Amino acid sequence: MEPVLTVEDLSVRISGLHILQGVSFTVAPTGVTVLLGRNGVGKTTTLRAIVGLTPPAGEVRGTIRMGAQSLLARPTHRLVRGGLGYVPEDRCVFAGLTVAENLRLAERRGTSPAYDRVFALFPELDRRGRQRAGSLSGGQQQMLAIGRVLLNDNRLLLVDEPTKGLAPKVVTEVAEVLERVAESVPVLLVEQNLAVVRRLARDAVVLAAGRVAWTGDARELLLETALTKSLLGVGTGEAHRPAGANRAPVAGKDAH
Amino acid sequence: MGTVILLALTGLGLAALYFLVASGLSLVFGLADVLNFAHGLFLGVGAYGTWWAAGNLPGAGPDGFGFVFAVAFGVAAGTLVAILVELVLIRPLYSRTIEQVLVTVGLSLAGVALLQATWGADARPFPRPDWTRQVTGILGAQVPNGGLLLIIAAVLVLGAILAFLRWTRYGLVIRAGVENREMVTALGIDVRKAFTLVFAIGGAAAALAGALGGVYFGTVSPGQGSSLLIFAFIVVVIGGMGSVVGSAYAAVVVGLVQQFVNYYGTSGLGDICVVGLLAVVLLLRPQGIAGKVATA
């Protein structure tokens, strides 16, 4: 199957720092592809480059394609209208607006917003429509951030650390929602919580020092305790290593 | 008692003038992060547009509907100039703060020079209805009608802007954009249209301030916009960048402090007190009365 997103030789330089250095990977047209790596390796920078949010002082080179369409140099609002949904790190709900206003802002002219879909996943948002988003709990804000994106049909969702800072129960709820969402739209997910990764992800791309260090099957990666520890700096709790893991080391191993 | 009422109402008149200039300035900075030093030019265009229309435009004049028509012409001219400035000069320079400051400062100076070259440097008598030269007795104070007109206009403008921000789609975009402009674009919204709109709103309010300021002072001069802009900036900082309501509160405080201190102290001391108030606010509450919290 053709990938929904192709990133080739992506380099991002911001304020003299070479944050991404020739990153290449693809995102499958179904399921969840997870972007992993230690803090500061360029995961968020990658998502922001895809959605056109690299700071004006930054320099982006390479190729980013959604299907046959090149995404580079196109303004963010056009990319989003073209079906690229983005849920940023730290939610970024509009704290001074109500929940209903946050959702209304995501409506697009000429399309019918899918409130039924959003409220079926997050009934809480329907009940709290008149509440200011800034007064919601972290989990509710995350639901709102995801709900805003699901108001429209998307060809690909970019989701950046959706479980960051959330209570374990809420992490499970968010993972359940993303699992259901991924049944209908492919997701490129940045996630540090390996339990969530194990539950959701089919493919994994591991970044290290601004380069792709590993690509392959996410669950097989997590079964390789030593490799996971060397790439991510954390243990997985898995006791054994599977045979025939689809490992594809690329550049960047020297970073460890 | 009459003196206090008079000082309060003339202070509120001055506050109304500051608010009309500061409201647009605050919205432009809050949404687009543009420190627009050319904002005083919109005021000058509104004042001279009204002055010119009252004497030359068929149907316009210094009285009755003719005066309303002249003010409408001045406001339209100020709005048009604001839109052109945003589209032609500011839009290519978003995210380039130094260049924006240079361009808007240069434009402000060039605008004053252009008005001087066209109509001379001296203040000219402003055509205004006779009733605005008269006073109204309120609780024993004889209050100039020109000041009351400014207060009424500022209250109406405040109500109109708040209604626009609260009830319209673009108002929602502007409120959200003041909080997090990047996230607005990440929801598929072309935020540049909102930039043009806030420039237009700011230009219209400043041009109205120019026209009604002409009524209040009785004259129009090329440097009027620049001198009012200084206090408008102080109002914006005290009120909080991006907050129209904050600007309204701050304008009232600044206008009243100036008027009372200048009367009971020495002339000019009110201006110094306002600058002192600005320093205190910056030290204790850098985001202003109601502005968004500054982030690193």
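The structure displayed is predicted, hence computed values, not measured ones. (Residues numbered from 1 in each chain as written. Chains lettered and ligands numbered in written order. Predicted model: local features only at pLDDT ≥ 70, side-chain atom pairs only at ≥ 80, totals over all residues.)

*Asks:* I'm lost on the overall build of chain B in this one. Help?
*Replies:* Each helix and strand counted, chain B has 10 helices and four strands in total. Taking 19 Å as the expected radius of gyration for a compact globule of 296 residues, we find that chain B reaches 19 Å, a close match to that expectation. Burial analysis of chain B (296 residues in total) assigns 54% to the buried set. Counted over contacts in chain B with a minimum sequence separation of 6, partners at least 24 positions apart contribute 76%. (Helix = DSSP H or I, 4+ residues; strand = E, 2+ residues; numbered from the N terminus. Rg over C-alpha atoms; globule rule 2.2 N^0.38 Å. Buried ≥ 20, exposed ≤ 12 C-beta atoms within 10 Å, placed from the backbone. Contact = placed C-beta atoms within 7 Å.)

*Asks:* I would appreciate a short explanation of the overall build of chain A in the present structure.
*Replies:* Helix and strand counts for chain A stand at 10 helices and 10 strands. Compactness check: chain A gives a C-alpha radius of gyration of 18 Å against a globular reference of 18 Å for 256 residues, within 12% of the reference. Overall, chain A is about 50 × 40 × 35 Å in size when its C-alpha atoms are taken along their principal axes. Considering chain A as a whole, with its 256 residues, one finds that 44% of them fall into the buried category. Here the analysis covers contacts within chain A between residues at least 6 apart in sequence; of these, 69% occur between residues at least 24 apart.

*Asks:* Hey, could you run me through the UniProt feature "domain: ABC transporter" (unreviewed entry) in chain A in this one?
*Replies:* Feature annotation in UniProt assigns "domain: ABC transporter" (unreviewed entry) to the following positions: residues 5-234 of chain A. For residues 5-234 of chain A, the end-to-end C-alpha separation is 28 Å, with 36% helix and 28% strand making up the annotated structure. (UniProt positions renumbered as here; feature names shortened; annotations may be inferred.)

*Asks:* Would you mind going over the sheet that holds strand E9 (residues 201-208) of chain A with me for this structure?
*Replies:* Two strands in a sheet stick together by hydrogen bonds in their backbones, pointing the same way (parallel) or opposite ways (antiparallel). Residues and elements named next belong to chain A. Here we have six strands laid out as an open sheet, ordered E6-E7-E8-E3-E9-E10, and mixed in their pairing. For this open sheet the edge positions go to strand E6 (84-87) and strand E10 (211-217), each flanked by a neighbour on one side alone. Here the average twist between neighbouring strands, direction ignored, is 15°. Here strand E3 (residues 32-36) runs beside strand E8 (residues 187-190); their pairing, made up of four bridges, is parallel. (Pairing = 2+ DSSP bridges. Axes fitted to C-alpha atoms, helices over the stretch in contact; angles between N-to-C directions.)

*Asks:* How should the sheet that holds strand E4 (residues 59-66) of chain A be read in this particular structure?
*Replies:* Residue and element names in this part refer to chain A. Across the sheet, four strands lie side by side as E2-E1-E4-E5; this open sheet has antiparallel pairing. Because the sheet does not close on itself, it has two edges, and the strands there are strand E2 (17-27) and strand E5 (69-70). Packing of helix H1 (residues 43-50) onto the sheet brings it into contact with strand E1 (5-14), E2 and E4, and relative to E2 it is tilted by some 70°.

*Asks:* What am I meant to see in the interface of chain B and chain A here?
*Replies:* The figure often quoted for interface size is the accessible area lost as the parts come together. Chain B puts 15 residues into the contact, and the matching count from chain A is 20 residues. Classifying every residue of the side of chain B that touches chain A by side-chain character gives seven nonpolar, four polar and four charged. (Nonpolar A, V, L, I, M, F, W, Y, C, P; charged D, E, K, R; others polar.)

*Asks:* I'm lost on the nonpolar core in this one. Help?
*Replies:* If you look at soluble globular proteins, the nonpolar side chains tend to sit buried side by side. Residues and elements named next belong to chain B. One finds Tyr18 and Val21 to be the most contacted residues of the largest nonpolar core, which totals 181 residues. In terms of residue count, helix H1 (residues 2-32) provides more of this core than any other element does, 18 residues in total. Aside from chain neighbours lying at most four places away, what touches valine 21 is His39, Leu43, Ala206, Ala209, Leu228, Leu229 and Ala232. (Core = buried A, V, L, I, M, F, W, Y, C linked by C-beta atoms within 7 Å.)

*Asks:* Teacher, can you tell me more about the pairing of E2 of chain A here?
*Replies:* It is a general feature of regular strands that their side chains alternate between the two faces of the sheet. Residue and element names in this part refer to chain A. Both E1 and E2 contribute to a ladder of eight bridges, which runs antiparallel. Residue pairing in the sheet places leucine 5 in a bridge with valine 27 of E2. Adjacent in sequence and paired antiparallel, E1 and E2 are bridged by two residues, among which serine 15 carries a positive phi angle near 50°.

*Asks:* Mind showing me how you'd approach the environment of alanine 213 of chain A here?
*Replies:* Topologically, alanine 213 of chain A is positioned in strand E10. Using a count of 25 C-beta atoms within 10 Å as the deciding quantity, one classes alanine 213 of chain A as buried.

*Asks:* Help me out: how do you make sense of helix H6 (residues 169-185) of chain B in this one?
*Replies:* Three or four residues apart is the spacing at which side chains of an α-helix point the same way, because the helix has 3.6 residues per turn. Helix length check: H6 of chain B (17 residues) gives 15 Å between terminal C-alpha atoms against 24 Å at 1.5 Å per residue, more than 12% under. By the largest-angle criterion, glutamate 179 of chain B marks the main kink of H6 of chain B, which is about 115°. Burial analysis of H6 of chain B places 12 of its 17 residues in the buried class, the great majority of the element. Within H6 of chain B, burial applies to Leu172, Val173, Ile174, Arg175, Ala176, Gly177, Val178, Glu179, Arg181, Met183, Val184 and Thr185 of chain B. In this fold, the buried residues of H6 of chain B make contact with helix H2 (76-81) and helix H3 (99-106) of chain A together with H1, helix H5 (145-167) and helix H7 (191-217) of chain B. (Expected span 1.5 Å × (residues − 1). Bend = angle between axes of the 7 residues up to and from the residue.)

*Asks:* Which parts of the structure should I look at to understand the UniProt feature "transmembrane region" (unreviewed entry) in chain B?
*Replies:* UniProt's entry tags residues 6-27, 34-54, 66-89, 101-121, 146-165, 194-217, 229-256 and 263-284 of chain B with the feature "transmembrane region" (unreviewed entry), counted in the numbering of this structure. Span residues 6-27 of chain B is 100% helix and 0% strand, its end C-alpha atoms 31 Å apart.

*Asks:* When you look at the pairing of E8 of chain A in this model, what are you seeing that I'm missing?
*Replies:* Residues and elements named next belong to chain A. Side-chain alternation along E8 places Val187 and Leu189 on one buried face and Leu188 and Val190 on a second face that is also buried. With four bridges connecting them, strand E7 (residues 156-160) and E8 associate as parallel partners. Residue pairing across strands places leucine 157 opposite valine 187, the latter belonging to E8. Chirality of the crossover, the property in question, places the unit of E7, helix H7 (residues 168-181) and E8 among those that are right-handed. (Right-handed = clockwise from strand over helix to strand, strands pointing away.)

*Asks:* Would you mind going over the packing of helix H3 (residues 64-90) of chain B against H7 of chain B with me for this structure?
*Replies:* The axes of two packed helices give the description: the angle between them and the distance between them. All names here are of chain B. In the contact formed by H3 and H7, the axes pass within 7 Å of each other and the chain directions differ by 145°. Note on packing geometry: the crossing formed by H3 with H7 is right-handed. Of the residues in H7, those touching H3 at Val71, Gly74, Val75, Ala77, Gly78, Thr79, Val81, Ala82, Ile83, Val85, Glu86 and Leu87 are Phe195, Thr196, Phe199, Ala200, Gly202, Gly203, Ala204, Ala206, Ala207, Leu208, Gly210 and Ala211. (Left-handed = near helix turned anticlockwise from the far one by under 90°.)

*Asks:* Explain H3 of chain A to me, please; I cannot follow it from the model alone.
*Replies:* Taken together, the buried positions of H3 of chain A are occupied by Val99, Asn102, Leu103, Leu105 and Ala106 of chain A. What you see down the axis of H3 of chain A is that its buried residues fit within an arc of 155°, all on one side. Residues of H3 of chain A that are buried in the fold lie against helix H4 (115-121), helix H5 (123-127) and helix H6 (138-150) of chain A together with H6 of chain B. (Arc of directions from axis to C-beta.)

*Asks:* Looking at this model, I keep getting lost on unusual backbone geometry. Mind explaining?
*Replies:* Phi at arginine 91 of chain A is positive, roughly 70°, even though this residue is not glycine. Following the sequence through the fold, arginine 91 of chain A ends up in the loop between E6 and H3.

*Asks:* Can you help me understand the environment of threonine 132 of chain B in this one?
*Replies:* All names here are of chain B. Tracing the backbone shows threonine 132 in the loop between strand E1 (124-125) and strand E2 (135-138). Sequence separation between threonine 132 and leucine 149 is 17 residues; the distance between their C-alpha atoms is 7.9 Å. Filtering out sequence-adjacent residues up to four positions away, threonine 132 remains in contact with Asn145, Gly146, Leu149 and Val215.

*Asks:* In this structure, what is going on with the confidence of the model for chain A? I would like to understand it.
*Replies:* Mean pLDDT over chain A works out to 89, with 91% of the residues at or above the 70 mark. In the model, residues 238-256 of chain A has pLDDT below 50 throughout and makes 39 contacts with residues more than four positions away in sequence or in other chains. (pLDDT = per-residue confidence, 0-100.)

*Asks:* Which parts of the structure should I look at to understand the environment of alanine 77 of chain B?
*Replies:* Residues and elements named next belong to chain B. Locating alanine 77 in the fold gives a position in helix H3. Here alanine 77 falls in the buried class, since 23 other C-beta atoms lie within 10 Å of it. Once the C-alpha coordinates of alanine 77 and alanine 204 are considered, the two residues, 127 residues apart in sequence, prove to be 8.4 Å apart. Once residues lying within four places of it in the same chain are set aside, the contact partners of alanine 77 are Val45, Gly46, Gly49 and Ala207.

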